[in-house]
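Analysis of the macromolecular model
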Amino acid sequence: MKDARGQILKGTSIDREELFTTFKNFTNQGAQPSLRRVINLSGTMLNTNLGRAILPDSAVEAMVNIAANPSNLEFDLLTGKRSDRYKHIESLLCQLTGGESALVVNNNAAAIFLILNSLALNKQVPVSRGELVEIGGSFRLPDLMLRSGCKLVEVGTTNRTHENDYEMAIGHETALLMKVHTSNFEIKGFVKSLSERELATIAHRNNLPFITDLGSGTLTQLSKYGLPNEITVSDALKA
């Protein structure tokens, strides 16, 4: 269409029927949804680029039934008053994980940003050098921490971080301790890292909050399906 407009402005002769056909095709193309159904031939069942897990029929039916009608999204049917839209999922997540409360955001980067901005603004957060990861979408933990307004304090080394490394980094400017689950890579050999339980003990001893960036958010033990074991949200909370 830009080329046709340029030709008209120059006074160049242009076929009207061809112009109308081009305009029709351009308009129809623009009206098509950007999300399309595709075939997954990647060899990866849960492919991030292709929508990850397919929803079961019951979930799709529930979505259609609610989306096609007015709903109690922010309305409490028992009290007849305005409610919170997050309550619909919060109780289910608490049942699944054993958590006291829950909040859903778009992704892990958003969750970490909100937590750090709320609890560690202008304060220090010690993190092991071996956990300063970059995940898909070019999200880098140091950059994310910088944008959230907190100050990263690197502790330990790439392959070995000890309890004393955290203790030495804790001061009056320390806001919390954080562990990042390195789900996308693994360092082997001469390595040492602290578990959730060990870091939680240090945090409690110093009266500090402790947060864990689990990455996957697994809700069930994968080992019973013959897959590599992954720490679950419940395991992290218990630790």
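That block above? That's the structure.
Residues numbered from 1 in each chain as written. Predicted model: local features only at pLDDT ≥ 70, side-chain atom pairs only at ≥ 80, totals over all residues. Heavy atoms only, no water.

1. Brief notes about the pairing of strand 8 (residues 210-213)
The alternating pattern of strand 8 places Ile211 and Asp213 on a buried face and Phe210 and Thr212 on a face that is not buried. Bridging between strand 7 (residues 177-180) and strand 8 involves four bridges; their strand directions are parallel. Counterpart to Val180 in the pairing with strand 8 is Asp213. The parallel pair strand 7 and strand 8 is bridged by helix 8 (residues 196-205), and the resulting crossover is right-handed. (Buried < 20%, exposed > 50% of the residue type's maximum accessible area, 1.4 Å probe, protein only. Helix = DSSP H or I, 4+ residues; strand = E, 2+ residues; numbered from the N terminus. Pairing = 2+ DSSP bridges. Right-handed = clockwise from strand over helix to strand, strands pointing away.)

2. Things to note about the layout of surface pockets
In this structure, the second largest pocket occupies an estimated 560 Å³ of space. Along the wall of the second largest pocket there are 23 residues; nearest its centre are Thr182, Phe185, Glu186, Ile187 and Ser193. Residues of the lining of the second largest pocket, tallied by class, amount to five nonpolar, eleven polar and seven charged. (1 Å grid on protein atoms, 1.4 Å probe; cavity = no way out; pocket = protein on both sides within 12 Å on 5 of 7 lines; lining within 4 Å. Points joined across faces, edges and corners; volume = space filled by probe spheres on them. Nonpolar A, V, L, I, M, F, W, Y, C, P; charged D, E, K, R; others polar.)

3. Examining the side chain of Thr97
Examined against the element boundaries, Thr97 turns out to sit in helix 4 (residues 87-97). On the basis of relative accessibility, which here comes to 13%, the residue Thr97 falls in the buried class. A distance of 2.7 Å separates a polar side-chain atom of Thr97 from the backbone oxygen of Leu93. A distance of 3.1 Å separates the side chain of Thr97 from the backbone nitrogen of Gly99, its partner in a polar contact. (Polar contact = N/O pair within 3.5 Å; in protein donor to acceptor, adjacent residues only side chain to side chain.)

4. Section: the environment of Leu199
Inspection of the secondary structure assignment puts Leu199 in helix 8. Separated by 22 residues in sequence, Leu199 and Leu177 place their C-alpha atoms 7.5 Å apart.

5. Some remarks on the packing of aromatic side chains
The description of an aromatic ring pair rests on the distance of the ring centres and on the angle between the ring planes. On inspection of all chains with the given rule, the structure shows zero aromatic pairs. The ring of Phe190 is capped by Arg160, whose NZ or CZ atom sits 4.0 Å from the centre of that ring. (Phe/Tyr/Trp six-rings, centres within 6.5 Å; stacked < 30°, edge-to-face > 60°. Lys NZ or Arg CZ within 6 Å of the ring centre and 35° of its normal.)

6. Details of the environment of Val153
The topology assignment puts Val153 in strand 6 (residues 151-155). Take Val153: its relative accessible area is 19%, and that puts it in the buried class. For the pair Val153 and Pro126, spaced 27 residues apart in sequence, the C-alpha to C-alpha distance is 4.4 Å. With residues near it in sequence (within four places) discarded, Val153 still touches Gln124, Val125, Pro126, Val127 and Ala169. (Contact = heavy atoms within 4.5 Å.)

7. What about the pattern of salt bridges?
Note that side chains of opposite charge can pair when their charged atoms are close. By the definition in use, this model includes seven salt bridges. For Arg129, the salt bridge identified is with Glu154, shortest N-O distance 2.9 Å. Here the residue Arg129 occupies a position in the loop between strand 3 (124-128) and strand 4 (134-135), and Glu154 occupies one in strand 6, the gap between them amounting to 25 residues. A residue is classified by how much of its surface remains accessible, and Glu154, at 41% relative accessible area, is partly exposed. Among the salt bridges present, the one from Arg140 reaches Glu134, with a minimum N-O distance of 2.6 Å. Take Arg140: its relative accessible area is 46%, and that puts it in the partly exposed class. On the basis of relative accessible area, Glu134 is assigned to the partly exposed category, the value being 43%. Each member of the salt-bridge network shares a partner with another, and the members are Glu74, Arg82 and Arg85. (Salt bridge = Lys/Arg side-chain N within 4 Å of Asp/Glu carboxyl O.)

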